[in-house]
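Each chain, letter by letter, is given below.
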Amino acid sequence: MPDSGRSGIYSMTGYAAAASELPGGALAIDLRAVNHRYLDIQFRMPDELRPFEPAFREAVASRLQRGKVECRISLTAPATAKAAELKLNRELLQQLIALQREVHTFTAARELSVGEMLRWPGIMAAETLTLEALRESCLALLLKVLDEFEAARRREGDKLKAMLLDRVTRMEYRAAQVAPRFPQMIAAYQEKLANRVRDAALAADDDRIRQELVMFIAKIDVDEELTRLGAHLAEIRRILEHGGAVGKRLDFLMQELNREANTLGSKSIDVEVSKISMDLKLLIEQMREQIHNLE
């Protein structure tokens, strides 16, 4: 299982590659990933490496939680001009010499020359790895690639974290500008009521004016919305500082923030508060776009 307790923020996008020389071949692995709702791992490799795929898949899944991942593994002839070191098949050579002696007991046939023996099929062979050694070499290189891949995703995640915290700070600043505007809005509405009474040449009814003012205050009150908005922003800070797999939790909080920003705008009768609501929704959308990149 992936380590859900790891710290830091990780992007779902990333790339890493590495190569190594093996006896009889060159091994290369490259790993790349893009955004995805779940963890989707695809391997592209030669048929001779297919038996190792379960081990490769387990190694990748132990380090990632989300993303569409493509892992390419190639095993080719050495890229260098240096020929692979040849080894003498001593067991086959001994068998060949023994057979030659046995043949000589029946006939005086010519003995094989050294050159003919060396050209005998199977006598000389390039050094190769056993299947288990090949599996271990592939896994070791894959783990190296995963280390580099994780480091790249962490660096990108740090950039996204800084961007998100910057947007949180901006939202906190804009939200803090709403409450101070309420005394002005209430005073303006109270004056508007008094003017209506005066213009209509009606007797001033303090109780009626007071009741309408109370209804007006209740209608435009956004204290609960601002409280919930502040709580959601504080939770985003906490999640980002804790780290780990944060994408889905942050995406949910974006929905909650958007709901509060919409309510704030729908209750607004003040141009500046309406503008603050629009600014908040713009910042939320900027955050949402980047959160889709987070694991």
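Each remark here, short or long, concerns the structure printed above.
Because the structure is predicted, anything quoted here is derived from the model rather than measured.

Draft legend 1. Expanded view of the packing of aromatic side chains. This model, assessed by the stated rule, comprises two aromatic pairs. Here Phe43 and Phe56 contribute two aromatic rings whose centre-to-centre distance is 6.3 Å and whose plane-to-plane angle is 40°, an arrangement assigned as tilted. Remark: Phe56 occurs in helix 1 (residues 53–61) and Phe43 occurs in strand 3 (residues 39–44); sequence separation between them is 13 residues. Like Phe56, Phe43 is buried. Between Phe52 and Phe56, the aromatic rings sit 6.2 Å apart at their centres with planes inclined by 70°, giving edge-to-face as the arrangement.

Draft legend 2. Geometry of the nonpolar core. Leu164, Met171, Val178, Ile236, Leu250, Leu257 and Met287 are the most contacted members of the largest nonpolar core, which totals 33 residues. Of all the elements in the fold, those that place two or more residues in this core are helix 4 (131–175), helix 5 (182–199), helix 7 (223–242), helix 8 (247–267) and helix 9 (271–291). When sequence neighbours within four positions are dropped, the list of residues in contact with Met287 reads Met163, Leu164, Arg167, Val168, Met171, Ile236 and Met254. Counting residues in each nonpolar core, the second largest holds 28 residues, with Met45, Val69, Val145 and Phe149 among its members.

Quick notes on the rules
Residues numbered from 1 in each chain as written. Predicted model: local features only at pLDDT ≥ 70, side-chain atom pairs only at ≥ 80, totals over all residues. Heavy atoms only, no water. Phe/Tyr/Trp six-rings, centres within 6.5 Å; stacked < 30°, edge-to-face > 60°. Helix = DSSP H or I, 4+ residues; strand = E, 2+ residues; numbered from the N terminus. Buried < 20%, exposed > 50% of the residue type's maximum accessible area, 1.4 Å probe, protein only. Core = buried A, V, L, I, M, F, W, Y, C linked by side-chain atoms within 4.5 Å. Contact = heavy atoms within 4.5 Å.

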